[in-house]
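Commentary on secondary and tertiary structure
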Amino acid sequence: MSRPATRFTIAALLAGFAATPLAASAAGGEVEVLHFWTRGAEAGAIGKLKETLRSEGHTWKEFAVADGGGGLAMVLLNSRVTSGNPPTAAQIKGVHIQEWAHTGRLSNIEDVARAEKWDTLLPKVVSETMKYQGYYVAAPLNVHRVNWLWINPQVLKKARAKVPTTWEEFFATADAIKQIGVTPLAYGGRSWLDLGTFESVAIGVGGAEFYKRAFIKLEPSALSSPQMEKTLQTFRRLKQYTVSNATSGDWVGATALLNAGQAGMLLMGDWAKAEMLAAGKKPGIDLLCVAAPGTADSFSFDIDSLAMFQVSPANKQAQRDLASDVMSKEFQISFNLTKGSIPVRLDISMERFDECAKRASADFKSSAKRGTLLPSLAHGMAQPSQIVAPMWEVISQFWNQDKMTAQDAMARLAAAARAPNTRAE
Ligand code: GAL
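Residues numbered from 1 in each chain as written. Predicted model: local features only at pLDDT ≥ 70, side-chain atom pairs only at ≥ 80, totals over all residues. Heavy atoms only, no water.

Now for the site of the ligand. If you check the shell around the ligand, you find 14 residues, and the closest are Trp 37, Lys 93, Asp 302, Asp 304 and Lys 339. A distance of 2.8 Å separates an oxygen atom of the ligand from a polar atom in the side chain of Glu 42. The side chain of Lys 93 places a nitrogen or oxygen atom 2.6 Å from an oxygen atom of the ligand. Coverage of the ligand by the protein amounts to 100% of the 300 Å² it exposes when considered alone. When atom positions are compared with the pocket grids, the ligand is found to occupy the largest cavity. Class assignment for the residues of the shell around the ligand results in five nonpolar, four polar and five charged. (Near = heavy atom within 4 Å. Polar contact = N/O pair within 3.5 Å; in protein donor to acceptor, adjacent residues only side chain to side chain. Areas by Shrake-Rupley, 256 points an atom, 1.4 Å probe, with all protein chains shown as cover. 1 Å grid on protein atoms, 1.4 Å probe; cavity = no way out; pocket = protein on both sides within 12 Å on 5 of 7 lines; lining within 4 Å. Sits in = over half its atoms within 2 Å of the grid points. Nonpolar A, V, L, I, M, F, W, Y, C, P; charged D, E, K, R; others polar.)

This is the structure we're talking about:
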C-alpha cells in the first residue's frame, strides 16, 4: 500500500523542514495496538494495518484479546494504563472515547486530521465521535450496521417460508423452519450479543423514536412503557427458536451454523459477513441480508476506531502514521472488504463491495437524512459504561432467567438509566 501524498506534508510540517516521508519513517518507531479482533476473518482484516506499518519501517506489536464485543479487552486496557504502560492505540469506541479522553491519557492527533482534511471526508456523526473538545483523539476504521437479519435462502426455500419484514412474519418463518427440523435462529449466547439482539427488537417493535426516547434520552416513561414490555416479550419469544435452548458458541459459531444451513436465520451485525466471506459465501446471494424485522427505515451503527494514547516523542511519528494509514483510501477499502463493514470516508466508491455492503452504505445515507441513524447501545455508541453495563446485565438475565418478569426488567432498566452520568463533554 502506498503512503498517501499528504503524509509528506505532515512529516515536513512537523519536522519543521522538508524531510521526506521515508526519512521520517527510516528511524522507525514502535506501534502497539490493543484490539479484540482475534477470530479468523477479523484477525485477517487488522493484519492489513500491520503490513502497512511495517512497510513504513515501524515495528508492529499487537495486544490482541480474544473476546468478541471487547468487554475483556477494555478491562485489560484499564490495567495496562493504570500501571503506566498504555499501548500506542486501542480499539475504543463511541462514548468510551470521550470517557478516556476525559482522563487526559489520549493524544491529540488534530495535526494529522487537519492536514488530511478529515472533517471534509467523514460524515458528521463519525467525526464527532472521534473528537474530544473539538480535536481528534481517535481514527475511525469503519461503520458496522447492527440491525441485520441474515437468512440462508436454501433453508427458507425448503421450509417454503418467506423473508420476514415484521416480527409476526419472523415468527411464522421461524415456525416453518422448525417444522423441517432445522434450528430457526442461530444465537451467539453472550451478554453483548443479548443486548445487540434486544436492541434490534426494540427498534423493530417500538420504532426509531421509541429507541431514541428509551436508550438515548433515557426517558423513564419510555423505559417503562407498553412498547418496552412488548419488546421484552418479543425478545424472550426468540429463545424457543435458538439452538439447545440458548447458545451456539458465540457469534462465530452462530454464523457457522447459518453458513452450513444448520440454522435458517441470524440476527447479527455485519461483522458476521467477515465469516461468511471467509467461508466462500457470496453475501446477498448465498446468504441474504435484510434489515431486522420492522427496522428497514433505521440504521443502528457501530463505529470501530483506534483511540490514540500518549506516547514517547520517539514513537510520535509512528502514531501519526498509524492514524493516517487508518484513514487512507487503500486501507479503508482493503480492511472493510474483509471485515464486513463499510468505509467511513464519503469519497470511496462502493463498486468493489458486495450487495450487503452496498445496501448498508445506501441505508446509512438515507437514515442520516431521515433522522433514523441510531447509535448502538450494545456497542458503546449511545451511553457511558456506568449505564450500559447494568443494562447488559439486566437484558442477559432476562434472557437467561425465565422467571424474571418484564416488569422486573423494566424497573431495573429504569434504575440503570438513573446511574450518575459522568459522561465527559
Ligand atoms: C463489535 C465490533 C466489531 C466486531 C464485533 C465482534 O463490538 O465493533 O468490529 O469485532 O464486536 O467481535
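Having seen the structure, we can now continue with the description.
Moving on, we get to the domain arrangement of the protein chain. According to the domain assignment, the protein chain contains domain 1 (10–144 + 302–351) and domain 2 (145–301 + 374–417). The gap between the C-alpha centroids of domain 1 and domain 2 is 30 Å. Taken together, the contact pairs 21 residues of domain 1 with 24 residues of domain 2. When the two sides are added together, the surface that domain 1 and domain 2 hide from each other amounts to roughly 1800 Å², 61% of it contributed by carbon and sulfur. (Domains from an automatic or database assignment. Contact = heavy atoms within 4.5 Å. Buried area = accessible area lost by both parts, 1.4 Å probe.)

On to the pattern of salt bridges. Under the counting rule described, the total for this entry stands at 18 salt bridges. One salt bridge connects Arg 213 with Glu 219, and the closest N-O pair in it is separated by 2.7 Å. You can call Glu 219 partly exposed: its relative accessible area is 24%. Here Lys 239 and Asp 402 are joined by a salt bridge, their closest N and O atoms 3.1 Å apart. With Lys 239 in the loop between helix 14 (226–238) and helix 15 (250–259) and Asp 402 in the loop between helix 20 (385–400) and helix 21 (406–417), this pair connects stretches of sequence that are 163 residues apart. (Salt bridge = Lys/Arg side-chain N within 4 Å of Asp/Glu carboxyl O. Buried < 20%, exposed > 50% of the residue type's maximum accessible area, 1.4 Å probe, protein only. Helix = DSSP H or I, 4+ residues; strand = E, 2+ residues; numbered from the N terminus.)

Taken as a whole and judged by the stated rule, the model has one disulfide. Disulfide pairing is shown between Cys 289 and Cys 356; the S-S distance is 2.2 Å. The sign of the S-S torsion, about -95 degrees, decides the handedness of the disulfide formed by Cys 289 and Cys 356: left-handed. Within this pair, whereas Cys 289 is found in strand 10 (residues 288–291), its partner Cys 356 is found in helix 19 (residues 355–370), the two being separated by 67 residues in sequence. By relative accessible area, Cys 356 is classed as buried at 1%. (Disulfide = S-S within 2.5 Å.)

Moving on, we get to the nonpolar core. Leu 49, Trp 118, Val 143, Trp 150, Leu 266, Leu 306 and Leu 322 are the most contacted members of the largest nonpolar core, which totals 82 residues. Per element, the largest residue contribution to this core is six residues, and it comes from strand 11 (residues 299–308). With residues up to four places along the chain from it excluded, the contact list for Leu 322 reads Val 31, Val 33, Leu 49, Leu 53, Trp 60, Thr 88, Ala 89, Leu 306 and Met 308. Ala 176, Leu 223, Ala 378 and Ala 409 belong to the second-largest nonpolar core, a separate cluster that totals 56 residues. (Core = buried A, V, L, I, M, F, W, Y, C linked by side-chain atoms within 4.5 Å.)

For the pair helix 11 (residues 191–206) and helix 12 (residues 208–216), the least separation of the axes is 6 Å and the interaxial angle reads 125 degrees. Taken together, the axis directions place helix 11 and helix 12 in an arrangement best described as oblique. Facing helix 11, whose interface residues are Phe 198, Glu 199, Ala 202, Ile 203 and Gly 206, helix 12 presents Ala 208, Phe 210, Tyr 211 and Phe 215. Here the residues of the contact of helix 11 with helix 12 sort into seven nonpolar, one polar and one charged. (Axes fitted to C-alpha atoms, helices over the stretch in contact; angles between N-to-C directions. Parallel < 35°, antiparallel > 145°, perpendicular 65-115°, else oblique.)

Enumeration according to the criterion identifies 18 aromatic pairs in this entry. Seen in terms of ring centroids, Trp 100 and Phe 309 are 5.4 Å apart; in terms of plane orientation they differ by 75 degrees. Their pairing is edge-to-face. Here Phe 309 lies in the loop between strand 11 and helix 17 (316–327) and Trp 100 lies in helix 5 (residues 95–102), a separation of 209 residues in the sequence. Neither residue differs from the other here; Trp 100 and Phe 309 are each classed as buried. With 5.8 Å between their ring centres and 40 degrees between their planes, Phe 171 and Tyr 241 make a pair best called tilted. (Phe/Tyr/Trp six-rings, centres within 6.5 Å; stacked < 30°, edge-to-face > 60°.)

Turning our attention to the sheet that holds strand 10. Taken together, four strands build an open sheet; the order of strands is 8-9-7-10 and the sheet is mixed. Strands at the two margins of the open sheet, each flanked by one partner only, are strand 8 (183–186) and strand 10. Adjacent strand axes in the sheet meet at a mean angle of 25 degrees, parallel and antiparallel pairs treated alike. Bridge count between strand 7 (residues 148–151) and strand 9 (residues 263–267): three bridges; the pairing is antiparallel. Across the sheet, residue Trp 150 finds its bridge partner in strand 9, namely Leu 266. (Pairing = 2+ DSSP bridges.)

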